[in-house]
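Residues per chain, in single letters:
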Amino acid sequence: MITIRKKIKYFSTSLVLVLMATFSFAQTPNWQGAQWIWQQEEGPSNTWMSFRKTININEVPNKVEAFISVDSKFWLWINGEMVLFEGGLSRGPSQAGNWDRKNKITPANSWYETVNIQPYLKKGENTIAILVWYWGRETHKGTHIDSKKGGLLFSANIGKQKLVSDASWKAKQHPAYDNTIPPASDAVVQYCVKFDAQKAMNDWSDKAWYTAGFSDKNWPKAIEKGMAGTAPWYNLEPNIVPHLINHGLQDYANSADLKLPYISKGETIKCKLPFNKQITPYLEIEAKAGDTIFITTDNRLNRINATYITKEGTQSFESFSWMNGHELRYTIPKGVKVKALKYRWMTVGEMAGTFEVDDAFYNRLWSMGNNTLFVCARDNFMDCPDRERALWIGDVADQTGYIFYSMDNAGRQLLKKAILQTLAFNENGVIGALGPLRVRELVAQSLQFIAQCVWPYYLNTGDKETLAKVYPYMYNYLALFPMKENGLPEYRKGKSPDAWDWVDWGVKNTIDSEPIQAAFYYLALEEAKKMAEVLGKQDDIKWYINRMQTMKPAFDKAYWKNGFYSTNAETLKDDRANAIAIVSGIAKPEYYNQIVDNVLIPNKFSSPHFEWIAEEAMCIAGRHKESLQRMKDQYQSQVDKKEMTTLYEMFPNGGSYNHAWNAPNTILSKYIAGVVPTKVAWSEYEIMPKLMHIKSLKETIPTVKGDVKVDIKVEESSFFMSLVSPENTVAHVGIPKNAKEIKEVWVNEQLVWKNGKTIKDTKNFEYNQESVDYLKFKVHSGNWNIRAVYK
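Okay, so let's go over this structure. Everything numeric here is computed off the predicted structure, so don't read it as measured data.

Attention now goes to the overall build of the protein chain. A tally of regular secondary structure across the protein chain gives 16 helices and 34 strands. In terms of overall dimensions, the protein chain is globule-like: its C-alpha atoms have a radius of gyration of 28 Å, near the 28 Å expected for 791 residues. Each principal axis of the C-alpha atoms in the protein chain carries an extent, and together these give about 85 × 65 × 55 Å. Within the protein chain, residue pairs in contact and separated by at least 24 positions form 75% of the contacts whose partners lie at least 6 positions apart. Total accessible area on the protein chain is roughly 29600 Å²; 48% of this is exposed by carbon and sulfur atoms.

Below you can see the structure in the form of structure tokens.
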């Protein structure tokens, strides 16, 4: 069939490794002389390995960068000062060879970090200390590819001195960490921590070990395991995501109520976080030797906890295996003097986006969505931070909608990593919905990934290089769908070894899968066509257009049931199927209101994974008021739970209480505030607010061009907008008519428009056009205060 010919257009057996090589993100630094080092044993799993190297420096140069690669995580000190708290990533930037599925061997290249160490160096003797945590396992959720060997690779040029990892380093398995404890879960690769301070090496995690004159004289030498590029670590690829932001040790929200210091009575102490965060817990105590302290969170799905066994005297401890929740719970034995309880919060970038309206419900909902996004981001975007930490690409597509309204460059780079990594582990043309370790095909998620992740990434960033790398995978996946005689693609259940014919949770026996998959396929064709246009793929453009032109009438013929889309009008009236029909563009606009009235208002069958698509469909149909009401109906019970700061996996609650696929923020930002890019990389964007009952709105959008800041106030006779538009941007601003007639428009205190005519030409602020709903102006970079007066 035609799809067989198309399938091999971009790939053949001889080309696979060549294309995989394009996932190398930058030129590899000079690793000459550097050896992977470890102890004699290859692991074992859950090993915490301590490395030390002392060097003498004659002069500290102006710039010193260290390149570090590990399996799996590392913490770096120089001269007793923390340089980097938690470096490294779950392994697997790209394939290094063919999978051996039978023996569960996945050859994968390794990430490396670039760390500026110059500020920590001094003339004379310098000691570098690195703690490496080797996980040594994989899970069926597939976010980490185990090399099956612990290892550290280090290289730095310090002026003319070359410092590399080799047998001259000292290496010792940290005796305080118990690596005999069982895994925390079969779905979470990280382990809990059990730390016996009586076996500690002068508190390795504290500066005290250095200042006390610690000696590594009796430590064994590191064992060299192979040069850079050797198996099982293979080639080194740079981590493109900025280091996690270390917010430092912080007091708990109820710290004053804890009345520190105090003598424990043996109870469990509940320490509240400001909101649901990823944290590492910390304590300072005075105790006798052998007491056991247990630390966990209030989260019933939390799999990570910490056990600390005390030594004699004053001591401090921080568990480096992160956990999350709304409160930390320390169970401290009777008689222990508790001097401090704190936590460390680490984030992918800053919470750069803001949203504030005068309706408390939507204000709080946006905040809960934002918190959910951040607690579901670290080594990768994940579906939840507690139960499995898995990179489901459908969840990432949901997150993509509001990443660009909430996160700064670090979030954009983490999304780029998710895209590149997912496609580097493509197999036989299949885009796996769970990666990188497994190509588990969930067809709807793979199609959603193309349309609602890859294209929006390019639109928001302008990263054409990445688009060019991943585009062939988009085309080849879409070519796997043969067309039937009725003009629609065959329903694909997935043909990967562990494919799953899944579309959504939600209310049982309500899902109408066939039209959902067809509409997602249509949307993926549309967005892939845009990619082809950017890349000049003329033959591909024609192929997409032909399929879309065939599908559109066929979709109506197959599924339109005089008021809504369905495969069976008697049994299925699915909000998800009808919503994606509108969002994809395959539905006729003249059907929109019927769909909203007949399905999207009365039927709320979706889970949060599909809910935002239903709300988007209502906005596309011009039914913003109804969209806001549906959003309120679905999320009201969660917003009313004042103890909650993140959003559930299910409606009204259930599953994890911090699940990534909640995306009401996308609707509030894109359709209510009305701020959306219209050209690549925010070179042009529009502000077309549909505030409905909302009278004031303030939003900051962290774009690649800089922050867009919008502040709107609506009064009975006036409309006010303050806009900060970054350099090299053009904004198309719509002043809403609100069913009234606009009399005057003032810009920066100058009258520029009155009674349908331009009064004064203002530099960089031009009248554009008038529509039924808006008076539109073209606005260049700068600070603008706009006031419209209604008649």
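Here we come to helix α5 (residues 360–375). Turn by turn, an α-helix covers 3.6 residues, leaving residues three or four places apart pointing in a common direction. With 16 residues, α5 should reach 22 Å at 1.5 Å per residue; the first-to-last C-alpha distance of 22 Å fits that figure. For α5, the buried fraction is high: 13 of the 16 residues fall into the buried class. Two or three places before Phe 361, at the start of α5, stands the capping residue Asp 359, its side-chain oxygen 2.9 Å from that residue's backbone nitrogen.

Mapped onto the elements, Tyr 522 comes out in helix α10 (residues 513–535). When the C-alpha positions of Tyr 522 and Arg 329 are compared, they lie 49 Å apart, and in sequence the two are 193 residues distant. Leaving out residues up to four positions away in the same chain, Tyr 522 has contacts with Met 548, Met 551, Lys 552, Ser 584, Gly 585 and Ile 586.

The next subject is the nonpolar core. By size, the foremost hydrophobic cluster in this structure holds 210 residues, and its most contacted members are Tyr 330, Leu 341, Leu 478, Leu 723 and Val 745. Once residues lying within four places of it in the same chain are set aside, the contact partners of Tyr 330 are Tyr 252, Glu 267, Thr 268, Ile 269, Cys 271, Pro 281, Tyr 282, Leu 283, Phe 294, Ile 295, Leu 341 and Lys 342. In terms of nonpolar packing, the next biggest core, distinct from the first, is built from 30 residues, Trp 38, Leu 121, Ile 130 and Phe 154 among them.

How each quantity is defined
- Residues numbered from 1 in each chain as written.
- Predicted model: local features only at pLDDT ≥ 70, side-chain atom pairs only at ≥ 80, totals over all residues.
- Heavy atoms only, no water.
- Helix = DSSP H or I, 4+ residues; strand = E, 2+ residues; numbered from the N terminus.
- Rg over C-alpha atoms; globule rule 2.2 N^0.38 Å.
- Contact = heavy atoms within 4.5 Å.
- Areas by Shrake-Rupley, 256 points an atom, 1.4 Å probe, with all protein chains shown as cover.
- Expected span 1.5 Å × (residues − 1).
- Buried < 20%, exposed > 50% of the residue type's maximum accessible area, 1.4 Å probe, protein only.
- Polar contact = N/O pair within 3.5 Å; in protein donor to acceptor, adjacent residues only side chain to side chain.
- Core = buried A, V, L, I, M, F, W, Y, C linked by side-chain atoms within 4.5 Å.

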